[in-house]
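Geometric and topological summary
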Amino acid sequence: MSRLPKIPWYEITSERTYLNRRQLMVGAGAALSLAALAACGMDAPAAPAAPTVAEGESAPASAAPAATPDTREPTAGATADELGDPLNTFEQITNYNNFYEFSTDKESVAQLAKNFPVSPWTVTVGGLVDNPTTYDMDDIRGMFDIEERIYRLRCVEAWSMVIPWQGFPLGKLLAAAGPQSEAKYVRFQTLHNPELMPGQKSAWYSWPYTEGLRMDEAMNDLAILSTGLYGKDLLPQSGAPLRLVVPWKYGFKSIKSIVSIELVAEQPNSLWMDAASNEYGFYANVNPDVNHPRWSQGSERRIGESGRRETLPFNGYAEQVAGLYDGMDLSKNF
Ligand SMILES: Nc1nc2c(c(=O)[nH]1)N[C@H]1C(S)=C(S)[C@@H](COP(=O)(O)O)O[C@H]1N2
Ligand SMILES: [Mo]
C-alpha cells in the first residue's frame, strides 16, 4: 500500500476555472458603470495634490460617543520599509482614506467616521470550520502576539502609502477555527448598519462590503488582520477595530471593520466585482503589466511625494507570493 504525502489543507488548490464575466443587467448597466467611475477613477489622472484635513461635517446623530481618545504619540519601530521607502505620516494615513460606508471623498472620511462606535464589537468566524466562534474583539486582541508590519498600500486608483501596521497573521485565526478540507476560500464582511455608516444608504453599491481570498493566499504570512497603526489602536477611518491587510493586492481587498469571516467552498463575490467585474477582479494582485480599463497601472503617486514611482509586480512582494500564482494567466485572473 503506497502512502500518499500528506498535503496541508491550505495547499490543496481547487480547480481554477476562468472567471465568467458577469452579465450586467440591462438598465442597471449604465448606473453601475457610473458608480464604478465615481468609485475608482477620480484619483488616477489627477495632478499630485497634498492631502488636507477634511472640512468639519457632523457625524451621524445616532452614533454613540467615541471612546476616550488615545493621546499617546504615534510611534513606529522604523522610519522606512524594507525597500528604504519612508513611512507616511500618521496624519497622512488617517486623513486620506477610502471608506465608502462614510464618504466617497477621501478627505471627509476621518471627520464623518469619528464617532463610529468600535467597542463593543464581535467578529464571527464560521462556515466550513470545526470550531465556529463569535469572538469579542477584546478576546481576539489577547489571542495572538501583536506584531508590527511595515507595508506599502497600493490603491487600484494608482496612489500609495507606506504604513506601519500592528496586527497578527490571518492564518493564525483561521487555524484556530479548524478549517475543513472543503474550505477553499475565505469570505470577509464589513458591518452593515446604514444608521452608523450612512454611505450604505447609497443604492450604487451592493452593501455590505465583502471581500475574499483563496485559502492559500489567506494562509500566507504576509496577510494580516490589523488592530492598529503607528502603535495606536486603529481609528474608525482606518477600519477599526479589525481590518484585513493584504499588501500584494490592490487596497480594495483590504476590507475594513470586519464582523464576519467565513470559510467557503466556492470563490466568493466582492462588492467591487458586483459593481464592475471587468474593472475589479477577484485576484486584484498589484500588476504594472495589466492596466485598469480606464488608466495605467504602470506607475503610482506616493502620498506626500511629487512625481510618480514605478509600480512593482505584487507591490514589491513578488518573492514571497508570486509562487501562489504559478501556472495562472494573471491577465485573465486580474
Ligand atoms: N469596508 C470597506 N473596506 C475598504 C474600503 C471601503 O470603502 N469599505 N476601501 C478599500 C480601498 S479602495 C482602499 S485603497 C483601502 C484604503 O485603506 P486606508 O483608508 O486605511 O488607506 O481600504 C479598502 N477597504
Ligand atoms: Mo483603493
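Residues numbered from 1 in each chain as written. Chains lettered and ligands numbered in written order. Predicted model: local features only at pLDDT ≥ 70, side-chain atom pairs only at ≥ 80, totals over all residues. Heavy atoms only, no water.

By the secondary structure assignment, Glu217 is in helix 6 (residues 215-219). Among the polar contacts made by the side chain of Glu217, one reaches the main-chain amide nitrogen of Arg214 at a distance of 2.9 Å. Apart from residues no more than four positions distant in its own chain, Glu217 is found in contact with Ala223, Trp248, Lys249, Phe282, Tyr283, Leu324 and Tyr325. (Helix = DSSP H or I, 4+ residues; strand = E, 2+ residues; numbered from the N terminus. Polar contact = N/O pair within 3.5 Å; in protein donor to acceptor, adjacent residues only side chain to side chain. Contact = heavy atoms within 4.5 Å.)

Within the fold, Arg154 resides in strand 3 (residues 147-154). Each C-alpha atom of the pair Arg154 and Trp248 lies 8.2 Å from the other, and the pair is 94 residues apart in sequence. With residues up to four places along the chain from it excluded, the contact list for Arg154 reads Trp159, Ser160, Lys249, Tyr250, Gly251, Val286, Gln297, Ser299, Glu300, Thr311 and Asn315. Reaching out from Arg154, the side chain makes a polar contact with the side chain of Gln297 at a distance of 2.8 Å.

A word on helix 5 (residues 170-177). Residues of helix 5 that are buried include every one of Leu170, Gly171, Leu173, Leu174 and Ala177, and no others. Buried residues along helix 5 cover an arc of 160° about the axis, so they all sit on one side. Trailing helix 5 by a residue or two, Gly178 shows a phi angle of about 70°, which is positive. (Buried < 20%, exposed > 50% of the residue type's maximum accessible area, 1.4 Å probe, protein only. Arc of directions from axis to C-beta.)

On to the pairing of strand 3, then. In terms of residue burial, strand 3 counts as a mostly covered element, since six of its eight residues are buried. One ladder, built from eight bridges, connects strand 3 with strand 4 (residues 159-169); its direction is antiparallel. In the strand pairing of strand 4, Glu148 is matched with Gln166. The loop that links strand 3 with its antiparallel partner strand 4 comprises four residues; one of these, Ala158, has a positive phi angle of about 80°. (Pairing = 2+ DSSP bridges.)

The next subject is the confidence of the model for the chain. Residues with a pLDDT of 70 or more make up 80% of the chain, whose mean pLDDT is 86. Residue range residues 1-63 is modelled with pLDDT below 50. Its contacts to residues more than four positions away, or to other chains, number 96 contacts. (pLDDT = per-residue confidence, 0-100.)

Another point: the site of ligand 1. Ligand 1 sits among 15 residues. The nearest are Asn97, Tyr100, Glu101, Ser254 and Lys256. Glu101 has a polar side-chain atom sitting 2.8 Å from a nitrogen atom of ligand 1. Between Thr190 and ligand 1, the recorded distance is 3.0 Å, taken from a side-chain N or O atom to a nitrogen atom. In isolation ligand 1 offers 530 Å² of accessible surface; the protein chains occlude 99% of this area. By residue class, the composition of the shell around ligand 1 is seven nonpolar, five polar and three charged. (Near = heavy atom within 4 Å. Areas by Shrake-Rupley, 256 points an atom, 1.4 Å probe, with all protein chains shown as cover. Nonpolar A, V, L, I, M, F, W, Y, C, P; charged D, E, K, R; others polar.)

Bringing the pattern of salt bridges into the picture now. This model, assessed by the stated rule, comprises 19 salt bridges. Between Asp221 and Arg149 there is a salt bridge, with the nearest N and O atoms lying 3.3 Å from each other. Here Asp221 is found in the loop between helix 6 and strand 7 (224-229), whereas its partner Arg149 is found in strand 3, with 72 residues between them in sequence. Ionic pairing is found between Glu262 and Arg187, a salt bridge with its closest N-O pair at 3.7 Å. Taken together, the positions of Glu262 in strand 10 (residues 258-264) and Arg187 in strand 5 (residues 185-190) put the pair 75 residues apart, joining distant regions of the chain. Salt bridges sharing partners connect three or more residues here, namely Asp85, Arg154, Glu300, Arg302, Glu305 and Arg309. (Salt bridge = Lys/Arg side-chain N within 4 Å of Asp/Glu carboxyl O.)

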